[in-house]
Amino acid sequence: MPLHQRIWRFAFGPSTRPAWMEKPSAPLAIAKTVVIATISLAVIVPMLVVVSTSFASGEQIRDAGGYVLFPTDPTLEAYRTIFSSPLVFRSLGVSVFVTAVGTLLALFVTICMAYALSRPVLGGKFMLMAIILTLFFSPGLIPMFLMIKQLGLLNSIWSLILPGAFAGFNFIVMRSFFMGIPTELTEAARIDGASDFRILRTVVLPLSKAVIAVIGLFYAVGFWNSFFNAMLYINDQTLWPVQMILRSYVIQGTSLTADQLGVQQAPPPQSIKMAVVVVALAPIVLVYPFLQKYFSKGVITGAIKG
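Thresholds applied
Residues numbered from 1 in each chain as written. Predicted model: local features only at pLDDT ≥ 70, side-chain atom pairs only at ≥ 80, totals over all residues. Heavy atoms only, no water. Helix = DSSP H or I, 4+ residues; strand = E, 2+ residues; numbered from the N terminus. Buried < 20%, exposed > 50% of the residue type's maximum accessible area, 1.4 Å probe, protein only. Contact = heavy atoms within 4.5 Å. Areas by Shrake-Rupley, 256 points an atom, 1.4 Å probe, with all protein chains shown as cover. UniProt positions renumbered as here; feature names shortened; annotations may be inferred. Patch = residues over 30% accessible without salt bridge, like charges linked within 9 Å, V, L, I, M, F, W, Y side chains within 5 Å. Salt bridge = Lys/Arg side-chain N within 4 Å of Asp/Glu carboxyl O. Core = buried A, V, L, I, M, F, W, Y, C linked by side-chain atoms within 4.5 Å. Arc of directions from axis to C-beta.

For the chain, an unreviewed UniProt entry supplies the name ABC transporter permease and the organism Brachybacterium ginsengisoli.

Quick look at the structure:
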């Protein structure tokens with residue numbers, strides 16, 4: 001037996017089955033535990049610092065040098081200021097509207113196009129590949145800006161929705177899932193006199209709840225986290241989404257003054273910034289656990305079928 005195989009056998013034990021089916025030996029289990037613990041701490045500690053700093057008082061933030069790990073005297077003053085501030089509260093409303101309307105519109109467009117192209121098309125596979133190939137090429141920054149300008153969408157909330165209302169990857173996953181639905185079901189419905197829209201509504205969609213939930217979450221996260229379209233197309237500060245507040249006042253280091261927040265006296269700038277980060281992250285963090293169970297069923301099945 002070669003030396004490297006003997007070393008492997010001594011360290012991890014004899015292997016009679018594929019590696020992924022073997023019970024890990026003690027050294028390998030310890031190594032996995034250390035790696036997972038390190039990655040978990042690298043994620044949890046920064047999040048804990050952000051949340052703790054948002055609850056910390058001004059004196060404790062100054063004593064800790066700007067960031068607090070465990071607040072000794074937690075206060076909700078930063079959150080009260082945020083939700084009473086017209087600037088931040090309005091940006092949250094814009095983000096909620098863009099995410100809700102944009103996700104529904106994107107799902108409608110993606111579902112309709114995926115179902116249409118999962119059926120036999122004129123021109124066969126060549127025409128289908130020509131259509132799909134164009135979905136992965138962006139027109140470019142300047143042509144897109146000129147188009148938005150010609151459509152009169154500058155300084156309009158629709159400029160935050162329409163450019164992101166379709167994604168090629170989401171379309172491919174959903175089309176693959178639709179192609180995996182047995183054709184006997186759709187043919188039986190067509191024999192009974194159902195139209196394409198009725199087949200889609202009564203046969204295809206009830207069987208596709210998992211992939212729709214996953215694609216909907218992808219679109220929702222994309223719309224909620226998007227700030228680049230607002231930076232390009234929105235000059236009116238009243239139409240800024242919350243991510244633009246994050247970019248301008250957290251990433252770039254600009255402080256939110258009491259006048260901008262619409263209050264008499266603002267809490268420490270650091271706690272305000274961390275509170276804005278928490279408010280911006282909270283919706284996605286709260287929604288994700290409820291849709292996590294659909295990921296393996298929706299994405300993996302949609303990627304394998306067809």
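Enquirer: Looking at this structure, how should I read the overall build of the chain?
Expert: In terms of helices and strands, the chain carries 16 helices and zero strands. Relative to its full complement of 306 residues, the chain shows a buried share of 35%. In the chain, once contacts between residues fewer than 6 apart in sequence are set aside, the share between residues at least 24 apart is 70%. Surface summary for the chain: the accessible area is close to 18300 Å², and the carbon and sulfur share equals 69%.

Enquirer: What exactly am I supposed to notice about the UniProt feature "transmembrane region" (unreviewed entry) in the chain here?
Expert: According to UniProt, the feature "transmembrane region" (unreviewed entry) maps to residues 29–49, 94–117, 126–148, 160–178, 199–221 and 272–291 in the numbering used here. Regarding residues 94–117, the helix share stands at 100% and the strand share at 0%, and the terminal C-alpha atoms are separated by 34 Å. Here residues 160–178 is 58% helix and 0% strand, with 29 Å between the C-alpha atoms at its ends.

Enquirer: Looking at this structure, I do not really get a nonpolar patch on the surface. What am I missing?
Expert: A cluster of nonpolar side chains, Val 35, Ile 39, Leu 41, Val 43, Ile 44, Val 45, Met 47, Leu 48, Leu 69, Phe 70, Leu 281 and Val 285, forms an exposed patch at the surface whose accessible area comes to about 1100 Å². If you tally residues by element for the nonpolar patch, the top one is helix α2 (residues 26–55), at eight residues. Along the polypeptide, Val 285 turns up in helix α15 (residues 269–291).

Enquirer: Explanation requested: the side chain of Ser 95 in the structure shown.
Expert: Residue placement: Ser 95 occurs in helix α5 (residues 86–118). Setting aside residues up to four positions removed in sequence, Ser 95 forms contacts with Trp 224, Pro 241, Val 242 and Gln 243.

Enquirer: Can you help me understand the environment of Ala 189 in this one?
Expert: Its place among the elements puts Ala 189 in helix α9 (residues 183–191). For the pair formed by Ala 189 and Thr 202, sequence separation is 13 residues and the distance between their alpha carbons is 9.2 Å. Excluding anything up to four places from it in sequence, Ala 189 contacts Ala 194, Ile 199 and Val 203.

Enquirer: What is the right way to look at the nonpolar core in this model?
Expert: As a rule of thumb, soluble globular proteins bury nonpolar side chains together. Of all hydrophobic cores here, the largest spans 53 residues; its most connected members are Val 98, Leu 160, Met 174, Phe 178, Ile 199, Val 204 and Ile 215. Residue assignment for this core shows that the elements contributing at least two residues are α4 (77–84), α5, α6 (124–134), α8 (168–179), α10 (196–204), α11 (209–225), α13 (242–251) and α15. For this core, the element with the highest residue contribution is α5, accounting for eleven residues. Setting aside chain neighbours within four positions, we find Met 174 in contact with Thr 110, Ile 111, Ala 114, Val 211, Ile 212 and Ile 215.

Enquirer: What am I meant to see in the side chain of Ser 118 here?
Expert: Considering the arrangement of structural elements, one finds Ser 118 in helix α5. Those residues in contact with Ser 118 that lie beyond four places of it in its chain are Arg 175, Phe 178 and Met 179.

Enquirer: Looking at this structure, I do not really get α10. What am I missing?
Expert: Spacing of three or four residues puts side chains on the same side of an α-helix, whose turn is 3.6 residues. Within α10, the full set of buried residues consists of Ile 199, Leu 200, Val 203 and Val 204. Seen from one end, α10 has its buried residues packed into an arc of 110°, which puts them on one side. Facing away from the buried side of α10 by more than 90 degrees, the exposed set consists of Phe 197 and Arg 201. Lining the buried residues of α10 we find α5, α8 and α9.

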